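# Notes for the structure review
Each chain, letter by letter, is given below.
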Amino acid sequence: MLEELHELQRQLHAELDAIRTAEELEQFRLRHLVRRGTLGRLRERFRQLPPEQKPELGRILNALEETVRKRYAELQQRLEELAEEQLSYDLFLPGRQSFLGGRHPIQQVLDDIVAIFSRLGFVVAEGPDIEDDEHNFTALNFPPEHPARDMQDTFFLTADRQILLRTHTSPVQIRLMRALPPPIRAIVPGRVYRNEEINPRSLAEFHQVEGLVVDRSTSFAELKAILVAFARQMYGAQTEYRFRPSFFPFTEPSAEMDIRCFLCRGAGCRVCKGGGWLEICGCGMVHPAVLRNGGIDPEEYIGFAFGMGIERIAMLRLGLDDIRLLYQNDLRLLRQFR
Ligand code: DAH
C-alpha cells in the first residue's frame, strides 16, 4: 500500500497541475475528494489494515489528503478570482475614447513662427502689456501729433495718457536695446490692444510677433532673406512674394511684404479681396533715432525689424473670413485643426 500511496500522490499532483478550468476542478473533486472517491475508498481500505501498519501509513495518507485538499482549495479560489476578473474586464468591449486637449489655432501659428525663427537663430523675448507713452510711441520716433496716439486707437489707462495698453509689440524693441548689448536677434510674441470697433476684420485685442536684429553689420538684403526664408517655411517653398515701400516712424526705409494669395494664386478671390496678394508683415531698417533711444550708437550698429499679426496668419491658414471665429471657442471649428 505504501507503493500505491506514493504512486497516487504523484498522480493527484500531476492532475492538479493540469487543471485550467472550474469544470476540470469539479471533475477532480468528484473523482477523488467525495466520500466514494479515490481518497474515500483508500480510507475504507486503511481501516481494515492490521493495526501495526496503521501509524506509518496513516501519517502518509493524512499528509497526502491534506496537501491535495489544500491545493484544491487554492485552485478553487484562484479560478473564482479569474472568473470575477473576466466579468469586470471584457476585452472585447471597444475602448473608451480619451479626450486630449488641443492647442488653439492661434497658439499653433505662434508655435510655428517661433520654431521657424528659432532655426534662424532668433531667441524669444517678451514685454509687458501695460506700457508707457515713452516705450509705445516716443522712443519709437512717433512725432507728438502722430494719429496713432489718438484716442481712437489707444486704450489709455491714465488721464494724462502716459500709461496705456500697448498698441503693438514694437515697444519691446526699446526694452531689448536698453537691456541687452548687441548683437540682438530676437522675436517677441505678445498681445496688443487697439481701441477699435469689433467686426469681421478687426478686434480690440489681438496678437503680434515682433522681430529685431541689431548688429555691427546687417542689411536690408538680410532682412529680406530672413523674411523670405520665413515665408517659404510658413507658406510653402514655392511661395511668391513681393516687397512694397511703406512707412513706419521707427524704420527707415520701411516696407511691407506680400505673398501670393494661396487660394487663387493671384487670379483674385475673396481671401485677397481680388488683389491676388496678401500682406503678411511690416518691416524695415531700424531708424537711427530709435537705435539712439535704445542706447545704441547708430554709427556703430545697424538693425532691422519686422512685425506681423498672428490672427491674420491663422485666418489665412484656416480660410476664415471672420476674425471673431477665433475667439468663440466653438469646438466644431477648433476640432478641425490638428
Ligand atoms: N508695429 C507695427 C504695427 O503694429 C508693425 C511693424 C511694422 C513692426 C514694421 C515692425 C516694423 O517692427 O519694422 O503695425
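Provided above is the structure to which this section pertains.
What comes next is a walk through the structure. Small disclaimer: the values here were computed from a predicted structure and weren't measured.

## Quick notes on helix 5 (residues 105-119)
With 15 residues, helix 5 ought to run about 21 Å at 1.5 Å a step, and its terminal C-alpha atoms sit 21 Å apart, in line with that. Looking only at helix 5, the buried set comprises Pro 105, Ile 106, Gln 108, Val 109, Leu 110, Asp 112, Ile 113, Ile 116 and Phe 117. Its buried side turned inward, helix 5 meets strand 4 (184-193), strand 5 (205-215), helix 8 (220-235), strand 9 (302-309), helix 10 (310-318) and helix 11 (331-334).

## Things to note about the sheet that holds strand 1 (residues 123-124)
The pairing of strands in a sheet happens through backbone hydrogen bonds and is either parallel or antiparallel. Pairing within the open sheet is mixed, and its seven strands lie in the order 1-4-5-9-8-7-6. The strands lining the two open edges of the sheet, one partner per strand, are strand 1 and strand 6 (241-248). Bridge count for strand 5 against strand 9 is eight bridges, and the pairing is antiparallel. Looking across to strand 9, one finds that Glu 210 is bridged to Gly 307.

## A closer look at the pattern of salt bridges
Using the criterion set out here, one finds 22 salt bridges in the structure. Residue Arg 71 pairs with Asp 17 through a salt bridge whose shortest N-O separation is 2.7 Å. Taken together, the residues Arg 71 in helix 4 (residues 54-88) and Asp 17 in helix 1 (residues 2-18) connect sequence positions 54 residues apart. With a relative accessible area of 24%, Arg 71 lands in the partly exposed category. Accessibility expressed as a relative area gives 47% for Asp 17, which makes it partly exposed. Salt bridges linked by common partners bring Arg 242, Arg 244, Glu 256 and Asp 258 together as one network.

## Things to note about the packing of helix 5 against helix 10
Running from amino to carboxyl end, helix 5 crosses helix 10 at an angle of 105°, the nearest separation of the two axes being 9 Å. Looking at the two axes, helix 5 sits roughly perpendicular to helix 10. Between helix 5 and helix 10, the contacting residues are Pro 105, Ile 106, Val 109, Leu 110, Asp 112 and Ile 113 on the first element and Ile 310, Glu 311, Ile 313, Ala 314, Arg 317 and Leu 318 on the second. Across the contact of helix 5 with helix 10, the residue classes break down as nine nonpolar, no polar and three charged.

## Some details on the packing of helix 2 (residues 22-33) against helix 4
Contact geometry for helix 2 and helix 4: axes closest at 10 Å, N-to-C directions at 155°. Judged by the angle between their axes, helix 2 and helix 4 are roughly antiparallel. For helix 2 against helix 4, the interelement crossing comes out left-handed. Contact with helix 2, carried on its side by Ala 22, Leu 25, Glu 26, Phe 28, Arg 29 and Leu 33, involves Val 68, Arg 69, Tyr 72, Leu 75, Gln 76 and Leu 79 of helix 4 and no other residues of that element. Residue composition of the contact of helix 2 with helix 4, by class: eight nonpolar, one polar and three charged.

## Re the environment of Tyr 72
When you line up the elements, Tyr 72 lands in helix 4. Residue Tyr 72 is classed as buried on the basis of its relative accessible area of 11%. Note: C-alpha distance between Tyr 72 and His 168 (96 residues apart in sequence) is 80 Å. Setting aside chain neighbours within four positions, we find Tyr 72 in contact with Leu 16, Leu 25, Glu 26, Phe 28, Arg 29 and Leu 33.

## Observations regarding the pairing of strand 9
When strand 8 (residues 277-286) meets strand 9, the two strands line up antiparallel, connected through four bridges. Its bridge partner being in strand 9, Gly 284 is matched across the sheet by Ala 305.

## Here's the deal with the site of the ligand
Taken together, 15 residues lie near the ligand, and His 168, Ser 170, Arg 194, Gln 208 and Glu 210 sit nearest. Between Gln 208 and the ligand, the recorded distance is 2.9 Å, taken from a side-chain N or O atom to an oxygen atom. A distance of 2.6 Å separates an oxygen atom of the ligand from a polar side-chain atom of Glu 210. Within the complex, the protein chains bury 88% of what would otherwise be the 360 Å² of accessible surface of the ligand. Listed by contribution, the elements that provide at least two residues to the shell around the ligand are strand 5, strand 8 and strand 9.

Procedures and definitions
- Residues numbered from 1 in each chain as written.
- Predicted model: local features only at pLDDT ≥ 70, side-chain atom pairs only at ≥ 80, totals over all residues.
- Heavy atoms only, no water.
- Helix = DSSP H or I, 4+ residues; strand = E, 2+ residues; numbered from the N terminus.
- Expected span 1.5 Å × (residues − 1).
- Buried < 20%, exposed > 50% of the residue type's maximum accessible area, 1.4 Å probe, protein only.
- Contact = heavy atoms within 4.5 Å.
- Pairing = 2+ DSSP bridges.
- Salt bridge = Lys/Arg side-chain N within 4 Å of Asp/Glu carboxyl O.
- Axes fitted to C-alpha atoms, helices over the stretch in contact; angles between N-to-C directions.
- Parallel < 35°, antiparallel > 145°, perpendicular 65-115°, else oblique.
- Nonpolar A, V, L, I, M, F, W, Y, C, P; charged D, E, K, R; others polar.
- Left-handed = near helix turned anticlockwise from the far one by under 90°.
- Near = heavy atom within 4 Å.
- Polar contact = N/O pair within 3.5 Å; in protein donor to acceptor, adjacent residues only side chain to side chain.
- Areas by Shrake-Rupley, 256 points an atom, 1.4 Å probe, with all protein chains shown as cover.

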